[in-house]
Amino acid sequence: MNTQHFKLVLIFLFISFTGLSQEIVRGELKDKSNGEPVFGAIVKVDGTGKAKTDFDGVFSFKLAPGTYTLTFTKQDEGYVDEERQIEVIAGQQLSFTVEIGKDKAVQQISEVKIVGKASTDTPPVSVKASDDRRMDEVAASDEMPKETIKNSGVNNAADAVSMVPAASVEDGKNVYIRGLGDRYTKTILNGMDIPGLDPDRNSVQMDIFPAVLIDNITVYKTFTPNLTADFTGGLINISTRDFPLRKTIYGKAGLGYNTNATFNSEYISYQGGSLDFLGFDDGTRELVLNPQTSIPHPSQGEAATEVATRSFSDIMATQKANAFMNQNYAFAIGNQKDFPRKKDSLQSIKYGYNFVLNYRSTNTLYKDVEYNEFLRDTDSTVTELFRDRTSRGEQTQHDVLWTSLLGNSIKFGKSKVSLVLFHTQNGSTSAANLVERNYDSNQAVLVKQGLQYTQRSVSNANLSGTHILGEENKWKMKWNLSPTYSRISDPDIRSTALEREPVVDGNGDTSYIYKWDESVGAEIRRIFRSLTEYNVSAKMDFDYTFMQWDSLKSTVKFGVLNTYKNRSFDVSEYVFRLYGMSNVVPNDPDWFFQPENIWTPETGQGTYATGQQEQANIYQANQNTSAAYIMNELPISKSFDVTYGARMENNVNRYTGESNNAAFDSTAPRYNNEVVLDELNILPSVNMVYKIRKKADSTHAERSTNFRGAYTQTLARPSFREISISQIYDPIQGRRYLGNINLKQTLIHNADVRWEHFFGRTELISASAFYKKFINPIEVVANVAAPNEFMPVNAGEADVYGAEFEIRKVVGPDTKTFRLTVGGNFTYVVSRIDMNKVTTEVGGKVFTEKQVREANAREGEVIGDYRPMYGQAPYIINGFLNYRNEELRLMINMNYNVQGKKLAVIGVGSLPDVYEQPFHNLNLKISKDLGKIHEGESEPRWNVSLRASNILDNARRRYYEAYQAESQIFDYLHQGRTFSGSVSYTIR
């Protein structure tokens, strides 16, 4: 190549990569009145059609650097053209949102110099747009869009939902609506059912969803037929984002300090497996022995007894451990690619992906933990409670939790298909040192040590599609197929209880000896539990939109759903005893499993194992739910909308299992894939809303008011564990939880009214009232004959009514650089159950709950007809303060949450009621952006944040309460305050 040719090539390359290079322009077109995406609009560049918006309102094309006028046209639905002037700058991707309206006023051409807005994905939904959607929802709902979540500085979905009216968060992960508890709150992911880390809960553990993963959280307060019927207080839908607007890489690392646990020399744990840091057991705790193996008694002198006993790990004692700081790491990457279509130059095939990985490791030390049992005295003149058993000491928990999500979506023509893969893994290591005192028949002091590891995982795939059908785009079809596999394993729960006796020597000094004496409750026990569950859920929804009278848009929706769940559960339990030797032993649980202390045929003495699988704790169960619905969103006038319809659900539960003595007792319970619950329900729903809209003028901002009313019917079904004959034993608490194969589902009648007023851009005030009638509510009752046993039962009928009040207000000046927003909500609830309609069995005879309470009443105590409903909080208070300063790039967020005292365990006979006490939860987060702003971005890449949790240092407490008696501790867990800091870096 000669010099002249070389120069021409250089000039060609220079022109190609400068003046002739093209940059990606992406945007989103929304309806100005409600924030909904506008589908099928033509986007013109200097008068030439360049792209068409898809059904998400998104468009994209490439332009060379320069200044252009964009025109957005959608006249077939009455929209007025909207124009924007943009400047394309070399090397910078553009992203923006445009609103288009039907206002006949002359549109003003505005100039927008867009230099790559800082947007990690599709332009974030503003608080105003969120309020617009809430205004137009057919049912009462609350929404937390991505932007609100970001501005609030929360870490995960649980923190975000805690700011929703009538929501309360327990243990930083479990969310309840209107104080109704888990049974009446349902959580779904991307519109589909997904079990949480505890599949016996209706609500999913919300802290498994990091904030970076969430696009939107919607909390539905009233039922519509297109929603699952298995909720009453609320339905929480977590949506993940599928189409990022531009490539984004995000990384975060954080450390936390807990005042109880971190660097505490008294922290205890035990040696586990090499993969504990990933939430997996590596097989170290695996049960080597075949659970069907029958272990011979030592008196038979067989070597199999020694072999079985030696197969267990020799680690039984707690040990001091180094509790390092809490850790939190996150990584996310997302992007979108466009592939032009030759047949239609205005549309392209779009592929988007999101990958999120979040890891968390936390240490918790419960100081002065207590588990107690108190009873009413047999003498009715005595009001103070009798102390039956107390356990006190320390308990620790190390949690590893990681979550990964891979979202893939493709849009072509009038269709979008998405595949979201989700997995969460949790490993929890617990250790406890307790001293138990028994005060009744077996008056003894037991020294207890417990070790437990729980491994939980949930894997979910959600394949979904959305299609606009017909030339007039009046039909929309959505379908979902979502299989889920979940597993819970408790490999080798180890507990040791030894009797402690004081010995006084001749000098009056006291020392202790330790005994293995089963007659007073001493024991050496190991439990292996395993639960696997898979479910497959599929649904299909159709929307047909047409113009009603006065050219008002009406929508008919109908669809079908089927969900199949299958669970397998088994327990193997082993008790270890001493043979041929003294029962005076060292205070060292490891001693029993040291090689020289294992029983052998040669020595004829030592520790030996007994036990195998218990039939009552082995079961298989499956559930099939089929549903169909139809509903109509009908505008009666421009101001008055009615949404009505019905949902039909058929639920069938089958159970396989038998009692421990079924092999030799023909009358003992035995089930072989038998139907234990079969219900067909038709659930009506009517939601009405009357809207008043006032446009902005020189005096007031735009204002909107809604008056809502609704009547619906919903359901609450028992969990697999509840509708069973299984028995779950907790050796640390010394409590046993029983199933009840005769449970019925709960039917609920719901009536709601709400007034809500939106003013300004982000301000609102609302008031609501509600009433609920429960038929056969499920409650947890203590066993009269065994105070440490608890069972779910149906409790006749219950009434719940209450009111909610919410306010959100900008305080002081509201500028682009400064905003202080305060808000809060208060929910007041009255609940009552008619005890004349609740029956219980005492001594083989059936009595009403009121009769039993009257028989055990104290002198002067009057037993009424009603008591509060199990698990229902009488009030909920949420408050928040959010301060943003754009000049300083500083954000401060403080939130407070508390719910009132609620009935946690229903006492019967000599057993008093147990109430969970209020937990005042106050959290603070300070966040600041650092560094320079890179070209094409509107925010610095670096961010640092500081967070303080449980600032008031509250403890979780449940108390026994009885007539004219001092309240006594049922259980007490104090975890201390946590202070954390994190650093994140984002490349956009």
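Residues numbered from 1 in each chain as written. Predicted model: local features only at pLDDT ≥ 70, side-chain atom pairs only at ≥ 80, totals over all residues. Heavy atoms only, no water.

Draft legend 1. Examining the overall build of the chain more closely. Within the chain, the secondary structure is distributed over six helices and 53 strands. Looking at the chain as a whole, 56% of its 988 residues qualify as buried. Long-range contacts, defined here as pairs at least 24 residues apart, represent 72% of the contacts in the chain between residues at least 6 apart. Of the accessible surface of the chain, which amounts to about 41,200 Å², a share of 53% is contributed by carbon and sulfur atoms. (Helix = DSSP H or I, 4+ residues; strand = E, 2+ residues; numbered from the N terminus. Buried < 20%, exposed > 50% of the residue type's maximum accessible area, 1.4 Å probe, protein only. Contact = heavy atoms within 4.5 Å. Areas by Shrake-Rupley, 256 points an atom, 1.4 Å probe, with all protein chains shown as cover.)

Draft legend 2. Geometry of the sheet that holds strand E4 (residues 58-63). The sheet built from three strands is open, its strands ordered E4-E1-E7 with mixed pairing. In the strand order of this sheet, the two ends are held by E4 and strand E7 (94-100), each with one partner. For this sheet, the mean angle separating the axes of adjacent strands, direction not counted, is 25°. Strand direction decides the pairing type here: strand E1 (residues 23-31) and E7, joined by seven bridges, are parallel. By the bridge assignment for E7, Arg26 is matched with Ser95. (Pairing = 2+ DSSP bridges. Axes fitted to C-alpha atoms, helices over the stretch in contact; angles between N-to-C directions.)

Draft legend 3. Quick look at the confidence of the model for the chain. Scored by pLDDT, the chain has a mean of 84; 88% of the residues are at 70 or more. In the model, residues 8-20 has pLDDT below 50 throughout and makes eight contacts with residues more than four positions away in sequence or in other chains. The model gives residues 104-125 a pLDDT under 50, and that stretch makes 79 contacts with residues more than four places away or in other chains. (pLDDT = per-residue confidence, 0-100.)

Draft legend 4. Inspection of the sheet that holds strand E14 (residues 214-220) at higher detail. If you trace the five strands from one edge of the open sheet to the other, you get E9-E14-E15-E12-E13, paired in mixed fashion. The outermost strands of the open sheet, each flanked by one partner alone, are strand E9 (141-145) and strand E13 (192-193). Examined bridge by bridge, strand E12 (residues 185-189) and strand E15 (residues 234-240) share five bridges and lie parallel to one another. Following the sheet pairing, Thr185 is matched in E15 by Gly234.

Draft legend 5. Structural view of the packing of aromatic side chains. Summed over all chains, the structure comprises 28 aromatic pairs. Centre to centre, the rings of Tyr655 and Tyr671 are 5.7 Å apart; their planes meet at 80°, and the pair counts as edge-to-face. Here Tyr655, found in strand E31 (residues 640-658), pairs with Tyr671, found in strand E32 (residues 670-694); they are 16 residues apart in sequence, far enough to count as distant. Take Tyr655 and Tyr671: they sit in the same class, and that class is buried. Each residue in the set Phe312, Phe528, Tyr574, Phe576 and Phe593 is aromatic and connected to the rest through ring pairs, giving one cluster. It is Arg387 that lies over the ring of Tyr439; its NZ or CZ is 6.0 Å from the centre. Above the ring of Tyr512, the side-chain terminus of Arg500 is found at 4.6 Å from the ring centroid. (Phe/Tyr/Trp six-rings, centres within 6.5 Å; stacked < 30°, edge-to-face > 60°. Lys NZ or Arg CZ within 6 Å of the ring centre and 35° of its normal.)

Draft legend 6. Representation of the pairing of strand E29 (residues 606-613) within the structure. Counting buried residues in E29 gives six out of eight residues, a clear majority hidden from the surface. When strand E27 (residues 552-579) meets E29, the two strands line up antiparallel, connected through eight bridges. Paired with Arg577 across the two strands is Tyr608, which belongs to E29.

Draft legend 7. Quick look at the nonpolar core. Among the nonpolar cores identified, the biggest contains 34 residues, and Val161, Phe209, Ile217, Ile236 and Ile238 are the most heavily contacted of them. With four residues, helix H4 (residues 157-161) is the largest single contributor of residues to this core. Setting aside chain neighbours within four positions, we find Val161 in contact with Ala167, Val175, Met206, Ile217, Val219 and Ile236. Judged by nonpolar contacts, the second largest core, of 20 residues, contains Val43, Val88, Leu94 and Phe96. (Core = buried A, V, L, I, M, F, W, Y, C linked by side-chain atoms within 4.5 Å.)

Draft legend 8. Representation of the pattern of salt bridges. By the definition in use, this model includes 44 salt bridges. Salt-bridge contacts for Lys30 lead to Glu28; the nearest nitrogen and oxygen are separated by 3.7 Å. Owing to a relative accessible area of 7%, Glu28 belongs among the buried residues under this scheme. The partner of Glu436 in a salt bridge is Arg389, and the shortest N-O contact between them spans 3.3 Å. Taken as a pair, Glu436 in strand E22 (residues 415-438) and Arg389 in strand E21 (residues 386-412) lie far apart in primary sequence, 47 residues in all. The exposure class assigned to Arg389 is buried, which follows from its relative accessible area of 6%. By sharing partners, the salt bridges in this structure join Glu779, Glu849, Arg853, Arg867 and Asp913 into a single network. (Salt bridge = Lys/Arg side-chain N within 4 Å of Asp/Glu carboxyl O.)

Draft legend 9. Fine view of the environment of Glu658. Relative to the assigned elements, Glu658 resides in strand E31. C-alpha separation for the pair Glu658 and Glu614, spaced 44 residues apart in sequence, amounts to 9.5 Å. Beyond its immediate stretch of four places on either side in the chain, Glu658 contacts Gln615, Ala616, Pro669, Arg670 and Ile725.

Draft legend 10. Just helix H5 (residues 303-310), in detail. Listed as buried for H5 are Thr305, Glu306, Ala308 and Thr309. In a view along the axis of H5, the buried residues occupy a sector of 165°, so they form one face of it. Where the residues of H5 are buried, they touch E27 and E29. (Arc of directions from axis to C-beta.)

Draft legend 11. Quick look at the side chain of Thr712. Structurally, the position occupied by Thr712 is in strand E33 (residues 703-716). A residue is classified by how much of its surface remains accessible, and Thr712, at 3% relative accessible area, is buried. Apart from the residues lying within four places of it in its own chain, the contact partners of Thr712 are Phe223, Pro684, Ser685, Val686, Asn687, Ile748, His749 and Asn750.

Draft legend 12. Region of the structure containing the pairing of strand E53 (residues 978-987). Across ten bridges, strand E16 (residues 248-258) lies against E53 in antiparallel orientation. Counterpart to Tyr250 in the pairing with E53 is Thr986. Pairing between strand E50 (residues 942-949) and E53: eight bridges, direction antiparallel. If you follow Ser945 over to E53, its bridge partner there is Ser982.

Draft legend 13. Seen up close, a nonpolar patch on the surface. A grouping of Leu406, Leu419, Leu421, Leu463, Leu481, Tyr485, Tyr534 and Val536 is seen on the molecular surface, where their side chains present a nonpolar patch of about 610 Å² in accessible area. Looking at the secondary structure, you find Leu421 in strand E22. (Patch = residues over 30% accessible without salt bridge, like charges linked within 9 Å, V, L, I, M, F, W, Y side chains within 5 Å.)

Draft legend 14. Inspection of unusual backbone geometry at higher detail. One non-glycine residue, Asn190, lies in the positive phi region at around 55°. Assignment of secondary structure puts Asn190 in the loop between E12 and E13. Although it is not a glycine, Asp368 adopts a positive phi angle of roughly 50°. Structurally, Asp368 is set in strand E20 (residues 348-375).

Draft legend 15. Quick peek at the environment of Leu946. As for its placement among the helices and strands, Leu946 is situated in strand E50. Classification of Leu946 as exposed rests on a relative accessible area of 57%. Taking C-alpha positions, Leu946 is 5.6 Å from Lys925, a pair spaced 21 residues apart along the chain. Those residues in contact with Leu946, other than ones at most four positions away along the chain, are Leu924, Lys925, Ile926, Ser980 and Gly981.

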